[in-house]
Amino acid sequence: MPWSAEDPALLTPGPLTTRIETRRAMLRDWGSRDRAFIALTAELRQRLLAVAGAEASHVAIPLQGSGTFIVEAAIATLLPPSGKLLVLANGSYGERMIAIATRLDRSVEALRWPEDRPVEPERVDAALAADPAITHVALVHCETTSGILNPFEAVAAVVARHGRPLILDAMSSFGALPIDLSTTPATAVLASSNKGLEGVPGLGFALVERQAIAAAKGNSPSTSLDLHDQWRGFEGNGQWRFTPPVQVVAALVEALRLLEAEGGPAARLRRYQDNFDTLAAGMVRMGFRLFLDPAVQAPIIATFHPLDDPRVTFEPFYEALAARGFLIYPGKLTRADSFRIGCIGALDRNDFQALLVAIEDTLSEMRR
Ligand SMILES: *Cc1c(COP(=O)(O)O)cnc(C)c1O
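What counts and how
Residues numbered from 1 in each chain as written. Predicted model: local features only at pLDDT ≥ 70, side-chain atom pairs only at ≥ 80, totals over all residues. Heavy atoms only, no water. Helix = DSSP H or I, 4+ residues; strand = E, 2+ residues; numbered from the N terminus. Buried < 20%, exposed > 50% of the residue type's maximum accessible area, 1.4 Å probe, protein only. Contact = heavy atoms within 4.5 Å. Near = heavy atom within 4 Å. Polar contact = N/O pair within 3.5 Å; in protein donor to acceptor, adjacent residues only side chain to side chain. Areas by Shrake-Rupley, 256 points an atom, 1.4 Å probe, with all protein chains shown as cover. Nonpolar A, V, L, I, M, F, W, Y, C, P; charged D, E, K, R; others polar. UniProt positions renumbered as here; feature names shortened; annotations may be inferred. Phe/Tyr/Trp six-rings, centres within 6.5 Å; stacked < 30°, edge-to-face > 60°.

Quick look at the environment of Leu166 now. Relative to the assigned elements, Leu166 resides in strand S8 (residues 166-169). For Leu166, a relative accessible area of 2% corresponds to the buried category. In this structure the C-alpha to C-alpha distance between Leu166 and Phe314, which are 148 residues apart in sequence, comes to 39 Å. For Leu166, the contacting residues outside a window of four places in its chain are Val137, Leu139, Phe152, Ala156, Val159, Pro185, Ala186, Thr187 and Ala188.

Quick look at the structure:
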């Protein structure tokens, strides 16, 4: 695919490059309370459950807004006012959950790790044993700040052993990294339309255990961010409570059909891994160093240390790549100085080889 400044490849963790079929699915109008859109919504909810093997145990609750809206809605709805949330944090999305719970006036405790270290189940075990007041635990699956993969299955086992519900922020991993809710206990899994599912931005969704959402009536202090009421709306007449982003829904349903056609999350993970491997090998050849140990790296986003070369500064590097049709992530999230290149979206190894050529070109230009 020849990318250009006008039609660039998005090497970001979302919004990201989507397929033309996905964008084409938006080229009509839907009446939000019409039969055709009710059927589309039902297909959406069914397909989201199927991605995570959750048809028998969970319900899918889509919600208007970006990923943060679904995180806020899930914490507001699942934690009763008397609840206490333990957040396992090793990056800015874990920190955001702490801020959300605090803002919602819920008790919150943080267990923290450095940005380049995964969450350790043993410390979670000890924290839960020490504090019986903790009612819920929250984990970020792939912490997109750095691209680190946290051990979801091992943490879920510990949390289940202590009889506490687990809320998983799977925003950047859902659709690619394995999440099987028929074998791994998690009360709620949260993600959005515009990351590994390769849809366009505009909605988030929660897969929530049926009993947990049924028991959550009246918890949320917010009307629009109330997942219990949102769920009751879908169960009642198949409709959204408030105006849905109809085109975003249509695009996401098409993207979910394309995910199935690709071979499901396992096939998507192989493509992302190939993207990451192509990128990392090329970058290392040019003298860049990865921020994370390969053992804890998810193939979602690659974080690099800056080059030790005063001629290569980030702003002009970013601009030169943008002019060549490649938008990398403009700025860092980690505390350490770094920059990030996303590996997800409707891109394959050819796109990353083209990116590497553009980077090589840019570097020699900057060094002239
Ligand atoms: C992208 C992301 C979010 C949500 O971000 P929005 O900008 O609100 O869509 C939350 N958690 C993780 C881990 C993410 O990668």
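Our next topic: the site of the ligand. Neighbouring residues of the ligand: Ser66, Gly67, Thr68, Tyr93, Arg96, Val140, Cys142, Thr144, Asp169, Met171, Ser172 and Lys195. Within the contact set of the ligand, an oxygen atom lies 2.9 Å away from a backbone nitrogen or oxygen of Gly67. In the complex, 86% of the free accessible area of the ligand, which totals 380 Å², lies under the protein chains. Elements that contribute at least two residues to the shell around the ligand include exactly helix H3 (67-78) and helix H4 (92-103). Residue classes in the shell around the ligand are distributed as four nonpolar, five polar and three charged.

Annotation from UniProt places "modified residue: N6-(pyridoxal phosphate)lysine" (unreviewed entry) at Lys195. Relative accessible area serves as the criterion here: at 9%, Lys195 is assigned to the buried category. With residues near it in sequence (within four places) discarded, Lys195 still touches Pro13, Gly14, Leu16, Met171, Ser172 and Ile344.

Before going further, it helps to spend a moment on the packing of aromatic side chains. Tallied over the entire structure, the rule returns 10 aromatic pairs. Measuring from centroid to centroid gives 5.1 Å for Phe174 and Phe205, while their planes differ by 70°, and the two rings are edge-to-face. Placement of Phe174 in the loop between S8 and strand S9 (188-192) and of Phe205 in strand S10 (residues 203-209) is noted, with a sequence separation of 31 residues between them. Looking at Phe174, the relative accessible area reads 2%, which means it is buried. Exposure remark for Phe205: the relative accessible area of 0% places this residue in the buried category. Both rings, one in Phe314 and one in Phe317, keep their centres 6.5 Å apart while their planes meet at 55°; by these two values the pair is tilted. Remark: Phe317 and Phe314 occur in helix H11 (residues 314-323); sequence separation between them is three residues, near one turn of the helix.

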